[in-house]
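Geometric and topological summary
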Amino acid sequence: MMKKYFLLILFMFIPFVARSYAVQEAMPLSLKQCVELALQNNVNVLLAKAQSQEALGQKTLWNADLLPQIDAVASQQRTWWENIGALGFPGFTGVIGPFNTFNAGIMVSQRILDLSALAHAQAGRIKWKASQLEIALASQQVILATSMAYIQVLGFEEELSSSNEDVRLAEHFLTLSENQQEAGLASALDVARNRTQLAQQKARQVQLRLNMIKSQLELKRLIKVPLSEAIELTDSLDNETYAHLNVNDAIDHAMQDRMEEMVAHADSDYSLEELKASKREYLPKIDVTGQWGEAGMTPEKDDTHSANAMVSFSLPLWDSGRIAGEVKEKAGLNEEAKIKLDDLNWKIEEDVRVALETLTSTQAQMDAEKNVEDYAQQELNLAQDRFSNGLGDNIQVINAQDALADARDKYVQTVAQYDQAQLNYFAAVGDPRQFDLTNKGMS
């Protein structure tokens, strides 16, 4: 008897456990959370950070050419024949040997004049700065792509939610036409039309569900959430309108804050410093080297202190065109950077103007589509009243229902397009992080 009671309680408790598990299973995600996940895991951001480390290494390498070099040196040499005169003793002739020589000490070298190395070091610093900007640029691009994907998912979710109401209406009108047929106020053709309408709305709902699933998979891929993980977006589309900068102020803001502009300027400065470094290869170089240590025949015998210093001067006289070739190459790269920077300036201005025009247009379209939805609802109410009172067939009802479903879809789509236009505007002026969504639903 106790076993039966236990099984009964267990079966009553299972639905609550399953329902609780299903709720916990979906991962709630706001737009900000999705952006943070994408910034942590996106491959482009990770690659930009790796390239920044590479640029830091190059910067350190080029700076090393300007800093002192200190080495510990040691040598043991065996000489069998040596010309005394070649050692710098005038008046002495003959050959001596064999003998041993040992030398150990500290060697210090410092380049005191190398304008080419100085330009390379400056180029390294600019390159490293550009790599930091590349990280910020990659981050902005990830924010833009993630936010776009988030809005797309919300749009499909809203459309799917609207389709539930369309299916409910189709079921309602099918029941109404069946009742009207029983009362002799409608025909079998009216019932058949409503059945067809219900089937079409259900088929449309299946397609919308597929669109939502595909868009969710795209979002999960961007933020690196397991594709099998269920997610629940906690933000909603926002149809509120906001004030924005006028076109000239927006362009000025974009020219200062767009990461693409900063990266292009850094690339141009880098190529210019590299051109300077190549041209300065024609100039003389001066190095100072000094050594102090112990010298003798062996490490254990006759060791004495030794010290020497040397100043070396070098000037290229003939290099078979190597320097001239480098100058031409770097000059070409610098010209390419200037051309790209000029074209980018035009592109940024175009982006801002298009973003502002799109905002104005989508806002007007959103308001118009809302009116269309309201009018379609009124039309459906009137058609329903006529059919309920036996005034004609249900063709007007079905047409009005189709018009309302289409109006709902278009309104949701224009709200999503408006949010995307808002996002594009903030990206165009240089800060997509300013974009946000509401968690209170559409007004």
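This text goes with the structure placed above it.
The notes below deal with the structure included here. (Residues numbered from 1 in each chain as written. Predicted model: local features only at pLDDT ≥ 70, side-chain atom pairs only at ≥ 80, totals over all residues. Heavy atoms only, no water.)

1. So, the side chain of Asp114
By the secondary structure assignment, Asp114 is in the loop between β5 (99-113) and α4 (115-182). For Asp114, a relative accessible area of 8% corresponds to the buried category. Looking at Asp114, its side chain comes within polar contact range of the main-chain nitrogen of Ala117, at 3.1 Å. Among residues more than four places away in sequence, those in contact with Asp114 are Leu66 and Lys285. (Helix = DSSP H or I, 4+ residues; strand = E, 2+ residues; numbered from the N terminus. Buried < 20%, exposed > 50% of the residue type's maximum accessible area, 1.4 Å probe, protein only. Polar contact = N/O pair within 3.5 Å; in protein donor to acceptor, adjacent residues only side chain to side chain. Contact = heavy atoms within 4.5 Å.)

2. So, a nonpolar patch on the surface
Taken together, the side chains of Ile112, Leu113, Leu115, Leu118 and Leu283 present a nonpolar region at the surface, about 390 Å² in accessible area. Of all the secondary-structure elements, those providing two or more residues to the nonpolar patch are β5 and α4. Within the secondary structure layout, Leu283 lies in the loop between α7 (259-279) and β7 (285-296). Given the relative accessible area of 34%, Leu283 is considered partly exposed. (Patch = residues over 30% accessible without salt bridge, like charges linked within 9 Å, V, L, I, M, F, W, Y side chains within 5 Å. Areas by Shrake-Rupley, 256 points an atom, 1.4 Å probe, with all protein chains shown as cover. Salt bridge = Lys/Arg side-chain N within 4 Å of Asp/Glu carboxyl O.)

3. A short note on helix α9 (residues 395-429)
In a regular helix each residue adds 1.5 Å, so 35 residues correspond to 51 Å; α9 covers 51 Å between its end C-alpha atoms and thus fits that length. Positive backbone phi, at 110°, marks Gly430, one or two positions downstream of α9. (Expected span 1.5 Å × (residues − 1).)

4. Notes on the sheet that holds strand β8 (residues 304-314)
The strand order across the open sheet formed by 4 strands is β2-β5-β7-β8, and the pairing between neighbours is antiparallel. Two strands bound the open sheet, and with one partner strand each, they are β2 (69-79) and β8. Within this sheet the neighbouring strands show an average axis-to-axis angle of 25°, counted without direction. Direction of pairing for β7 relative to β8: antiparallel, over a ladder of 11 bridges. (Pairing = 2+ DSSP bridges. Axes fitted to C-alpha atoms, helices over the stretch in contact; angles between N-to-C directions.)

5. Examining the side chain of Gln401
Relative to the elements of secondary structure, Gln401 occurs in helix α9. Using a relative accessible area of 1% as the deciding quantity, one classes Gln401 as buried. Other than its neighbours up to four places away in sequence, Gln401 contacts Asp166, Leu169, Ala170, Phe173, Gln197, Gln201 and Leu380.

6. Considerations on the packing of helix α8 (residues 322-388) against α9
Relative to each other, α8 and α9 sit at 160°, their axes nearing to 7 Å. In terms of axis orientation, α8 runs roughly antiparallel to α9. Of the two possible hands of crossing, α8 and α9 adopt the one that is left-handed. Class assignment of the residues belonging to the contact of α8 with α9 gives a composition of 21 nonpolar, 12 polar and 8 charged. (Parallel < 35°, antiparallel > 145°, perpendicular 65-115°, else oblique. Left-handed = near helix turned anticlockwise from the far one by under 90°. Nonpolar A, V, L, I, M, F, W, Y, C, P; charged D, E, K, R; others polar.)

7. A look at α8
With 67 residues, α8 ought to run about 99 Å at 1.5 Å a step, and its terminal C-alpha atoms sit 93 Å apart, in line with that. Residue Gly390 follows α8 closely and has a positive phi angle near 75°.

8. Notes on the pattern of salt bridges
One pass over the structure, following the stated rule, counts 19 salt bridges. Across the salt bridge formed by Glu36 and Arg433, the nearest N and O atoms sit 3.4 Å from each other. Pair noted here: Glu36 is in helix α2 (residues 31-41) and Arg433 is in the segment after α9, with a separation of 397 residues, a long-range link. The class for Glu36 is partly exposed, based on a relative accessible area of 37%. Salt bridges here are not isolated pairs; linked through shared partners, they connect Asp166, Arg204, Arg408 and Asp409.

9. A closer look at the nonpolar core
When a protein is soluble and globular, its nonpolar side chains tend to lie buried together. Among the nonpolar cores identified, the biggest contains 49 residues, and Tyr150, Leu219 and Leu233 are the most heavily contacted of them. Elements that contribute at least two residues to this core include exactly α2, α3 (43-64), α4, α5 (188-223), β6 (231-233), α6 (247-257), α8 and α9. Per element, the largest residue contribution to this core is 11 residues, and it comes from α9. In this view, Leu233 contacts Leu29, Tyr150, Val153, Leu154, Glu157 and Leu219; residues no more than four positions away in its chain are not counted. Core analysis: the second largest hydrophobic core is formed by 12 residues, Phe173, Leu380, Leu404 and Ala407 among them. (Core = buried A, V, L, I, M, F, W, Y, C linked by side-chain atoms within 4.5 Å.)

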